[in-house]
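# Notes for the structure review
Here is how the chains run, residue by residue.
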Amino acid sequence: MGMGNGAIRIGRQGQDWTVKSALDGEINIGLMGLGTVGGGVAAALLDNAEAIRRKTGRAARLRRVLVRDAGRTRQPALPPGTLTVNPEDILSDPQVHVVVETIGGDAPAGEYLERALAAGKHVVTANKEVMSRRGPALMALAQERQVNLLFEASAGGGIPIVGCLMSQLLANDIHSIRSIINGTTNYILTRMARSQTAFGDALAEAQERGYAEADPTNDIEGIDAAYKLSVLGSLAFHRRIPHQAIFTEGISRLAPEDFRYAAELGYAIKSLAIAAAAPDGGIQARVHPALVPEDHLLAKVDGVYNAVEVTGNLCGQIILHGQGAGRDATTSAVMGDLLNILRTIDNADGPPPLPLPDGGSPDAAHQVHPIDQLSSAYYMRLTCADQAGVLAQIARILGDGNISIATVIQKDTDPGSGTAQLVITTYPAREMDVQTALQSVARLGVVASVNNLIRIEE
Ligand SMILES: NC(=O)c1ccc[n+]([C@@H]2O[C@H](COP(=O)([O-])OP(=O)(O)OC[C@H]3O[C@@H](n4cnc5c(N)ncnc54)[C@H](OP(=O)(O)O)[C@@H]3O)[C@@H](O)[C@H]2O)c1
């Protein structure tokens, strides 16, 4: 089909350009999912039609909305004939120009996105799991089809970090990303720190308030954060960081006294998701609780808020802080992507190129170092016999393992059991050495238990 007068190119199906008359320049949206995020997106499209047209120069029409259960009453109420349970009503409809996916999970969402892109439709997704598992391959497909694939909401919710890494910070060599990207865990840790609440009680409270799901495993074990770190790290370091390669450690071992002792030492405890360039060209990628100096901005991120710190050779240190989840904040991110597509859909040259991974194949992955090789300072809390000579025995084992003690405090002596809490911080040491030494420490007759080992992020 030719590009006649008043005709615009809005995407490509196979090798043929789909051409639509500029005179009826309405862009049709197929929305997949109408839950927390999809409901917000549908409402934004229905309520703000005129503002969207003014901001982008294009009218957007919500043509179809895919759900599982067509029988439920829906908010917002949709125009008759919009709701469907058949994905083909979106994927096989040539009049759907943009697919917005808010279903979540890899299957079937991943396949739907692949088909949408292959059919020449622009795609916006909020799906961290799909973007972590298939992001580079989907980006390559989008590039080939010359359509947009935007995924701002997949990591950091309302914080515009994905777009920053894809464009504004693209000139940098990124040294590290350090982030708080799971609001549920941050809420629980904030409650534990402020009120000396036990982990189980803080989790129950988060569930009551709707901040944690009935099965909280993905959040509290760091899996959700690993997906998001995989998305952000792959963009920052220009090659795939598979989420399975990211070391994850949950927060359930933390106890109220850890927060108390950490505060005495001048630290907060946060669950951090960190990806950093290693000197040998590999990557360190890990999600775990960490002691953060209390004057660092990350230590001040409380409740369900998220923050992402990026350090680059040109930009230095940047911190973005905001709401990492929730209907409105996530709708902001999804709608931002959608409005960007509407603004540029007429471009004769197609969408701007995506920052595809280095290394040829979209599947080429970074070499992610095992946690054993990490060099870090550590906080350790032990329950020991309250008697002379205990510290000397522990210090000897640590010294033999090349681990230098920075501080020691003895707390909470219990005359009943004759034990006390010993809190030791170390100078930077190798994780493998620290783990090995702690096994020997745990075998000492004067040590009742090794209660916690937490990495310190200076
Ligand atoms: N919630 C947040 O704050 C937030 C923040 C950032 C990113 N995200 C991401 O946004 C996505 C959606 O999250 P959400 O919280 O909005 O989820 P949600 O409330 O559970 O909604 C999911 C929607 O998808 C539909 N759906 C699920 N499986 C389907 C299938 N097989 N076929 C068709 N429709 C299906 C559901 O249909 P029914 O209504 O019929 O059940 C529901 O409308 C996820 O990728 C999530 O990670 C969420």
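Our structure's up above, just so we're on the same page.
Residues numbered from 1 in each chain as written. Predicted model: local features only at pLDDT ≥ 70, side-chain atom pairs only at ≥ 80, totals over all residues. Heavy atoms only, no water.

## Regarding the pattern of salt bridges
Tallied over the entire structure, the rule returns 24 salt bridges. R145 is the partner of E144 in a salt bridge, and the nearest nitrogen-oxygen pair spans 4.0 Å. Judged by relative accessible area, E144 falls into the partly exposed class, the value being 49%. Residue classification places R145 among the buried residues on the basis of a relative accessible area of 15%. (Salt bridge = Lys/Arg side-chain N within 4 Å of Asp/Glu carboxyl O. Buried < 20%, exposed > 50% of the residue type's maximum accessible area, 1.4 Å probe, protein only.)

## Digging into the site of the ligand
Taken together, 22 residues are adjacent to the ligand, and L34, V37, R68, R74 and G326 come closest. The contact in question runs from an oxygen atom of the ligand to an N or O atom on the side chain of R68, over 2.9 Å. Surface burial for the ligand is 78%, taken as the share of its 910 Å² of free accessible area covered by protein chains. Of the residues that constitute the shell around the ligand, the class distribution is nine nonpolar, eight polar and five charged. (Near = heavy atom within 4 Å. Polar contact = N/O pair within 3.5 Å; in protein donor to acceptor, adjacent residues only side chain to side chain. Areas by Shrake-Rupley, 256 points an atom, 1.4 Å probe, with all protein chains shown as cover. Nonpolar A, V, L, I, M, F, W, Y, C, P; charged D, E, K, R; others polar.)

## Considerations on the pairing of strand β13 (residues 305–312)
Most of β13 is tucked away, with seven of its eight residues classed as buried. In this sheet, β13 lies alongside strand β9 (residues 174–180) in antiparallel orientation, the contact comprising six bridges. When the bridges of β13 are listed, R178 appears paired with E309. Across eight bridges, β13 lies against strand β14 (residues 316–323) in antiparallel orientation. Bridge pairing in β14 places V310 opposite I318. Taking the residues between adjacent antiparallel strands as the criterion, β13 and β14 are bridged by three residues. (Helix = DSSP H or I, 4+ residues; strand = E, 2+ residues; numbered from the N terminus. Pairing = 2+ DSSP bridges.)

## Overview of the sheet that holds strand β3 (residues 26–32)
Spatially, six strands are ordered β5-β4-β3-β6-β7-β8 in an open sheet, and the strand pairing comes out parallel. Since the sheet does not close on itself, it has two edges, and those belong to β5 (83–84) and β8 (149–150), each with one partner. The sheet contact formed by strand β7 (residues 122–125) and β8 spans two bridges and is parallel. Paired with V124 across the strands is L150, a residue of β8.

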